[in-house]
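Each chain is listed here by its residues.
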Amino acid sequence: MSKILIIGGNGFIGSNLSTYLASLGDEVYSFDVANPKVKDSRVKYIQGDFFDDNTLTAVIKGMDIIYHALSTINPGNSNEKYMMGYGRDFLQTVKLFSMLKDTDTKLVFLSSGGTVYGNQEVQPIKEDTVAKPINHYGNVKLCIENTLRIFDIQAKSKMVIARISNPYGPGQDYNKGVGFIDAVVKKTLNKEIVEIWGDGEVIRDYIYIDDVCKMLRVVANYNGPERIFNISSCTGISQNEIVDIVREIDSDVRFEYKPSRSVDVKKMILDNSRIKTIYCEPLVDIKEGILRYYEYQKRINS
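First, a word on scope: everything that follows refers to the structure included in this document. (Residues numbered from 1 in each chain as written. Predicted model: local features only at pLDDT ≥ 70, side-chain atom pairs only at ≥ 80, totals over all residues. Heavy atoms only, no water.)

Helix and strand counts for the protein come out as 9 helices and 13 strands. In terms of its C-alpha atoms, the protein occupies a principal-axis envelope of roughly 55 × 45 × 40 Å. Within the protein, the proportion of its 302 residues that are buried is 52%. Partitioning the intrachain contacts of the protein with sequence separation of at least 6 by distance along the chain shows that 76% fall at a separation of at least 24. As displayed, the protein offers around 13,700 Å² of accessible surface, 50% of which is attributable to carbon and sulfur atoms. Between the averaged position of the 38 positive side-chain charges in the protein and that of its 39 negative side-chain charges there is a distance of 3 Å. (Helix = DSSP H or I, 4+ residues; strand = E, 2+ residues; numbered from the N terminus. Buried < 20%, exposed > 50% of the residue type's maximum accessible area, 1.4 Å probe, protein only. Contact = heavy atoms within 4.5 Å. Areas by Shrake-Rupley, 256 points an atom, 1.4 Å probe, with all protein chains shown as cover. Lys, Arg positive; Asp, Glu negative; His and termini not counted. Charge placed at Lys NZ, Arg CZ, Asp CG, Glu CD.)

Listed below in structure tokens is the structure:
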């Protein structure tokens, strides 16, 4: 049994990861600025401010594994709110690395595969590809990654980067700036119009949240030489294709095209061959995952 802290534990990935790890018998602590509306009795919740040094020092003490899943900006708003990313997220994460450098704690930083790499000609994209982010969200993540590498060289603790593609599933909220599948499913159920930025041919690598959580657990227990892992399905699918899949489940899908956005990478498929050397379970197929999520949303809305 490991003692695990999840920073940003009430977010989409953090909350799912907390529940999953607790179900395996780990001692899980979810740390966030507010407690969730619905709690898992197996998870210990800590309400506090990540950006308060004294609070952060206290909550990380004695942890075996820390997942850093917190971000105050998203890809859509980062070109306007970039100083929050650099002035808060980046600087406080550097402090976190400094606090951990002389400990035995394992750190897994949840980066962004979708925005760190930027527009790339060669797809699927491998971890050693030169990153070229096109928005400040991706660049903040990359700044944190580069700083992590230096601390990892110098530190007693071990630090690993998880570049997650496009997760979807229960607990996601597209209103926070990410989650196309979430938006299509919820708006279809609510009889609302789905907005598609561009021509619908933007391609993403979607992965079901259960698979993400399982991969993150394997990464935390990894003790080899690699420091970056793509967490992905290695399969690309367009927004138009996502709409078609949902239409097979519910014919009442309505959508409209909007002008494309400069912050959106055109195509993003992440090579997952590295993670598959340590994770061998089959992944949830995109059609099965969307059906599973649609039925979940329909059930909780009834």
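This part takes up the packing of aromatic side chains. Counting across every chain of the model gives 7 aromatic pairs. Consider the rings of Tyr168 and Tyr206, whose centres lie 6.5 Å apart with planes at 80°: the pair is edge-to-face. Taken as a pair, Tyr168 in strand β7 (residues 166–168) and Tyr206 in strand β10 (residues 206–208) lie far apart in primary sequence, 38 residues in all. Here the two residues Tyr168 and Tyr206 agree in accessibility, since each one is buried. Here the aromatic rings of Tyr168 and Tyr208 are separated by 5.3 Å at their centres, their planes lie at 75°, and the arrangement is edge-to-face. In this pair, Tyr168 is assigned in strand β7 and Tyr208 in strand β10, connecting sequence segments 40 residues apart. A single burial state applies to Tyr168 and to Tyr208, both of which are buried. Aromatic ring contacts, followed pair by pair, group Tyr168, Tyr206 and Tyr208 into a single cluster. Seen from the ring of Phe51, Arg88 lies directly overhead, with NZ or CZ sitting 3.9 Å from the centre. (Phe/Tyr/Trp six-rings, centres within 6.5 Å; stacked < 30°, edge-to-face > 60°. Lys NZ or Arg CZ within 6 Å of the ring centre and 35° of its normal.)

Mapped onto the fold, Tyr222 is located in the loop between α7 (209–220) and β11 (228–231). Considering only alpha carbons, one finds Tyr222 and His68, 154 residues apart in sequence, at a separation of 16 Å. From its side chain, Tyr222 meets the backbone nitrogen of Glu226 in a polar contact 3.0 Å long. (Polar contact = N/O pair within 3.5 Å; in protein donor to acceptor, adjacent residues only side chain to side chain.)

Within a regular beta strand, the side chains point alternately toward one face of the sheet and then the other, so they alternate between its two faces. Here β11 shows no split at all, with Ile228 and Asn230 on one side and Phe229 and Ile231 on the other all buried. Here strand β6 (residues 158–164) pairs with β11 via 4 bridges, running parallel. Across the sheet, residue Ile164 finds its bridge partner in β11, namely Ile231. (Pairing = 2+ DSSP bridges.)

Right, let's get into the environment of Phe90. Position of Phe90 relative to the elements: it lies in helix α3 (residues 82–100). Once the C-alpha coordinates of Phe90 and Cys280 are considered, the two residues, 190 residues apart in sequence, prove to be 33 Å apart. For Phe90, the residues in contact, after removing those within four places along its chain, are Gly85, Cys143, Ile144 and Thr147.

If you look at soluble globular proteins, the nonpolar side chains tend to sit buried side by side. In terms of nonpolar packing, the biggest core is built from 51 residues, with Tyr67, Ile181, Leu216, Ile231, Ile242 and Ile286 touching the most fellow members. No other element matches the 7 residues that α7 contributes to this core. Beyond its immediate chain neighbours, meaning those up to four positions away, Ile181 contacts Tyr168, Tyr206, Ile242, Ile286, Ile290 and Tyr293. One finds Leu70, Leu96, Phe97 and Tyr137 within the second-largest nonpolar core, a separate group that totals 27 residues. (Core = buried A, V, L, I, M, F, W, Y, C linked by side-chain atoms within 4.5 Å.)

Glancing now at the state of the cysteines. The final tally for this structure, using the stated rule, is 0 disulfides. In this structure Cys213 is a free cysteine whose sulfur lies 18 Å from that of Cys280, the closest cysteine sulfur available. The exposure class assigned to Cys213 is buried, which follows from its relative accessible area of 2%. The cysteine Cys280 is free of any disulfide, with Cys234 supplying the nearest cysteine sulfur at 15 Å. (Disulfide = S-S within 2.5 Å.)

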